[in-house]
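Architecture at a glance
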Amino acid sequence: MGRLSRLIAGCAGVTVAVLGALDTRTLDGGVPPDGVIPGPAVALVPAGIALLLQVVPVPGERAARVRSGAAALLALVAAVLGGAALGDHPAAAVATILAGLALACLDLRLPHRTGLVSFRVADPLLLGAAIIALVALVPRLFAPTFPAGSGPDGVMPLPLAGALLLLATGTILARPETGPLRTLDDSVPRIAVRRLVPALIAAPIIAAVVSALAVRTGISRPAAAVSTGVILAALVLLALLAYLVRTLDRADRQQRHLVAELRDRQDFAQTLLQSMNEAVMVLDANYHVIDVNRRWRELTGHHDAVHDPPPLPPPGTGLDWTIPRADGTEVPVLATMAAIPDAAGAPRGYVATCVDIAERKRAENALTEHAAELERGNAELATALAFKNDLTSMLTHDVAQPISSIASLAELLCADWADLPEDIRLELATKIDKNTRRLIKMMNDLQLLFRLDTGAVTARRVPVPLLEVVETVSAGIAGEGDVEITIDEELTALADRGHLTVVVENLLKNALGHGAPPIHVRADRQDAGTVLLVVQDSGTGIPEALLPDVFGRFIRGAGLGLFIVRHLVEANGGSVRYEQAVPRGARLLVTLEGAPA
């Protein structure tokens, strides 16, 4: 609609300029005498060009300003040329002046005293020019009703009046979005506009009809009849203007009331926002911060205006979130992001609500830590319970057996001492001694076990000759030919001598007690600077079912030997593992740090 009206306005401007340039004599009603200034028809040329410039689109803001300035200058030239003919053609000159000034002030608006409504300066000027042109045109429409040779007189020639009316119409169409064709501002009631516009159009037509009828009936001369019609039209216009002023005043009062009500609602909404206990941030559709409440400033520590929002969850979600504070720390919150839809359903803004859950997080962390402590305590209790059960099993089996044997043999020896031969008494005493030593060994192992379990065992590592330790231990527990030793005399390991002695003793006893001789013991220095000690028997090896717990605390019938070996080796910075020997037998490998040569 705007493009069509501007196209029509441009065509009107071209037509007016062409009419003014083609025949000024026809438009002015005759040839002016020599020395007389040309009539108002000359002013139509710059006026038409000015109207054309007002609607021609140009690229760039600077070019638009140049175009508007040129159009205003040509319009002022048209007004000056029209004013020059004020003495000879008063009506046409006034209409030309009004039209020129309207073109020059086409984009000029004056604010209303309320500051909410503005008026375009060109509108009353165009209205005056149009009324004068209509007053000149309408009586001509009644020319056929007059007697032959006595047509109605007019205030200006018919072609000039038509050109001026076309100029006024084109000027109105040049700005349809701001001129009388619009429905005015939203503050002016549209009903008043609908009533007023037809009345403004009809007023000059009625005045012209009255003038024509007055001339037709002979009541007055043509000039007097036209003057009467103009006066009547002016009175009607004054009445209409008074009605418009009253309507605008009523609209102004209504607008003031609406503004006050809107301000009250805004104050209520602001008070409600600031009084909320949750931290609230209001954002526009582009995620720019519009407002935050008091709780948000307290939570984040930002007391100045907030420009950039912190990272927030996606719209329509509520999540455990963290928002940064002004001091660089972060506060945990329960964040909710809600979209504010417009009439079409598209988001016109967002509201982010954050609830401080720092206390809840601290309580959750404390509860989690307490639960972890309970889990650790339960694990320790389970370990202690397992240790108690294993210890009870060992005491009831491994320890009870030698005690029972000692008790039976001692009872037999005491009861039949006199009847027993000397060799039998010696054999029984030897068995009692053997079981007693076995029991003492178990007690020593248990004592070492308790020390290992409490972490009281520490290693004092020194260079220890492996051959010397192995030969000493082997001589004390093995028979001749049961142990074959292949160790270099200069090979030394960095370990606690006492610990290493216990390790070798337990490995040899385990091989002799659960394997079969001969026992092969060898040691070599590895490339990584470590020493590898290998103890291998010739028995059947360890059953597959026992391999997962071969270094465990208690294996029924096996005592504490391998468990103590593992802990003592680890206390000296080494490791121990088991391998199945080929073609048969069990092989235990101990890795220790080698001592410098």
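Residues numbered from 1 in each chain as written. Predicted model: local features only at pLDDT ≥ 70, side-chain atom pairs only at ≥ 80, totals over all residues. Heavy atoms only, no water.

1. Some words on the overall build of the protein
Heads up, the condition is: Strands are runs of DSSP state E lasting at least two residues, helices are runs of H or I lasting at least four, and both sets are numbered from the N terminus onward. The rule is simple: take the accessible area with a 1.4 Å probe, protein chains only, and divide by the maximum for that residue type; under 20% is buried, over 50% is exposed, in between is partly exposed. Residue contacts are counted whenever heavy atoms from the two residues lie within 4.5 Å of one another. In short, Shrake-Rupley with a 1.4 Å probe defines the accessible areas, and a residue's cover is counted only from the protein chains shown.
On a plain count of helices and strands, the protein comes out with 15 helices and 14 strands. Buried residues in the protein amount to 37% of all 597 residues. Counting contacts in the protein only where the partners sit at least 6 residues apart, residues at least 24 apart contribute 62% of the total. Surface summary for the protein: the accessible area is close to 33,400 Å², and the carbon and sulfur share equals 61%.

2. Side note on the pairing of strand E11 (residues 519-525)
Remark: a regular strand shows side chains that alternate across the two faces of the sheet. Filter applied, for reference: Strand pairing is assigned whenever DSSP detects at least two bridges linking the two strands.
Taken together, the 4 bridges between strand E9 (residues 483-486) and E11 define a ladder with parallel strand orientation. Bridge assignment links Ile 485 to a residue of E11, and that residue is Val 521. Linking two consecutive strands that pair antiparallel, namely E11 and strand E12 (residues 530-536), is a turn of 4 residues; a positive phi of about 85 degrees is found at Gly 529 within it.

3. Comments concerning the pattern of salt bridges
Basically, it comes down to this: The rule for a salt bridge is simple: a side-chain nitrogen of Lys or Arg has to be within 4 Å of a carboxyl oxygen of Asp or Glu.
Tallied over the entire structure, the rule returns 22 salt bridges. Of the charged contacts in the structure, one is a salt bridge between Glu 359 and Arg 362, with a shortest N-O distance of 2.4 Å. Of this pair, Glu 359 and Arg 362 both sit in helix H11 (residues 358-415), 3 residues apart, roughly one helical turn. When its relative accessible area of 57% is taken as the criterion, Glu 359 is described as exposed. Owing to a relative accessible area of 46%, Arg 362 belongs among the partly exposed residues under this scheme. Salt-bridge contacts for Arg 577 lead to Glu 579; the nearest nitrogen and oxygen are separated by 3.6 Å. What emerges from the salt-bridge pattern is a single network uniting Arg 294, Arg 295, Glu 298 and Asp 356.

4. Regarding empty space enclosed by the protein
Rules: Put simply, the grid is 1 Å and covers the protein atoms alone, a cavity is a trapped set of points that fit a 1.4 Å probe, a pocket is an open set with protein on both sides within 12 Å along at least five of seven lines, and lining residues have an atom within 4 Å of a point. Grid points are joined across faces, edges and corners, and a volume is the space filled by probe spheres set on the points. Polar here means any residue other than Ala, Val, Leu, Ile, Met, Phe, Trp, Tyr, Cys and Pro, which are nonpolar, and Asp, Glu, Lys and Arg, which are charged; Gly is therefore polar.
Across all of its chains, the model carries 2 cavities of 30 Å³ or more by this definition. In this structure, the second largest cavity occupies an estimated 30 Å³ of space. Taken together, Ala 495, His 499, Leu 500, Val 503, Leu 568, Val 569, Asn 572 and Leu 592 make up the lining of the second largest cavity. Taken together, the elements giving at least two residues each to the lining of the second largest cavity come down to helix H14 (497-514) and helix H15 (561-571). For the lining of the second largest cavity, the residue count by class is 6 nonpolar, 2 polar and no charged.

5. Re a negative patch on the surface
Quick note on the threshold: Two distance rules govern patches: like charges are joined within 9 Å, and nonpolar side chains (Val, Leu, Ile, Met, Phe, Trp, Tyr) within 5 Å, applied only to residues with over 30% relative accessible area and no salt bridge. Under this rule, positive means Lys or Arg and negative means Asp or Glu; His and the chain ends count for nothing. Think of each charge as sitting on NZ of Lys, CZ of Arg, CG of Asp or CD of Glu.
Negative charge collects at one region of the surface, where Glu 471, Asp 488, Glu 489 and Glu 490 lie side by side. Within the secondary structure, Asp 488 sits in the loop between E9 and strand E10 (492-495).

6. A look at H14
Defined as follows: Take the number of residues in a helix, subtract one, and multiply by 1.5 Å to get its expected span. Think of a polar contact as two N or O atoms within 3.5 Å of one another; within protein, one of them needs to be a possible hydrogen donor and the other a possible acceptor, and neighboring residues in sequence only count if both atoms come from side chains.
The terminal C-alpha atoms of H14, which comprises 18 residues, lie 26 Å apart, in line with the 26 Å expected from a rise of 1.5 Å per residue. Regarding H14, the residues found buried are His 499, Leu 500, Val 503, Val 504, Asn 506, Leu 507, Leu 508, Asn 510 and Ala 511. With a side-chain oxygen positioned 3.0 Å from the backbone nitrogen of Gly 498, the residue opening H14 is Asp 496.

7. Examining the sheet that holds strand E3 (residues 279-284)
Our working rule: Here an axis means a line fitted to C-alpha atoms, over the contact stretch when the element is a helix, while the angle between two N-to-C directions is reported on a 0 to 180 degree scale.
The sheet built from 5 strands is open, its strands ordered E4-E3-E7-E6-E5 with antiparallel pairing. The open sheet terminates on both sides in strands that have one partner only, identified here as strand E4 (289-292) and strand E5 (317-324). Recorded for the sheet is a direction-independent mean angle of 30 degrees between the axes of neighbouring strands. Two strands pair when backbone bridges link them, and E3 and strand E7 (residues 347-356) are joined in this way by 6 bridges, in the antiparallel orientation. The residue of E7 that forms the bridge with Met 281 is Ala 352.

8. Some thoughts on the packing of H14 against H15
Rule in force here: Roughly parallel means an angle under 35 degrees; roughly antiparallel, over 145; roughly perpendicular, 65 to 115; everything else is oblique. Here a crossing is taken to be left-handed if its near helix is turned anticlockwise relative to the far helix by less than a right angle, and right-handed if that turn runs clockwise.
The N-to-C vectors of H14 and H15 enclose an angle of 150 degrees; their axes lie 9 Å apart at closest approach. On the basis of the axis angle, H14 is roughly antiparallel to H15. Judged by the sense of rotation from one axis to the other, the crossing of H14 with H15 is left-handed. Residue-level inspection shows His 499, Val 502, Val 503, Asn 506, Leu 507 and Asn 510 of H14 in contact with H15, the latter providing Gly 561, Leu 562, Ile 564, Val 565, Leu 568 and Val 569. Of the residues assigned to the contact of H14 with H15, the class counts are 8 nonpolar, 4 polar and no charged.

9. Some details on the packing of helix H4 (residues 61-84) against helix H5 (residues 90-104)
Orientation of H4 relative to H5, taken along the N-to-C sense of each, is 165 degrees, at an axis distance of 8 Å. Accordingly, the angle class assigned to the pair H4 and H5 is roughly antiparallel. The two elements H4 and H5 meet at a crossing, and its hand is left-handed. Together, Ala 72, Ala 75, Leu 76, Ala 78, Ala 79, Gly 82 and Gly 83 of H4 and Ala 93, Thr 96, Ile 97, Gly 100, Leu 101, Leu 103 and Ala 104 of H5 make up the contact between the two elements. For the contact of H4 with H5, the class distribution of residues is 10 nonpolar, 4 polar and no charged.

10. Considering a nonpolar patch on the surface
The grouping of Val 14, Val 18, Leu 22, Leu 52, Val 56 and Val 58 at the surface amounts to a nonpolar patch, some 440 Å² of accessible area in total. Considering each element in turn, the nonpolar patch owes the most residues, 3 residues, to helix H1 (residues 2-22). Tracing the chain through its elements places Val 18 in helix H1.

11. Focus: unusual backbone geometry
The omega torsion across Pro 517 and Pro 518 is 5 degrees, close enough to zero to call that bond cis. Here the amide bond leading from Val 582 into Pro 583 is cis, since omega sits at 10 degrees, within 30 degrees of zero. Examined against the element boundaries, Pro 583 turns out to sit in the loop between strand E13 (575-580) and strand E14 (586-593). Phi at Tyr 287 is positive, roughly 60 degrees, even though this residue is not glycine.

12. What to know about the pairing of strand E6 (residues 330-341)
As judged from the 8 bridges shared by E5 and E6, these two strands associate in the antiparallel manner. In the sheet register, Ile 323 faces E6, and the bridge partner there is Val 331. Hairpin remark: E5 followed by E6, antiparallel, with 5 residues in the connecting loop; positive phi at Gly 328, about 95 degrees.

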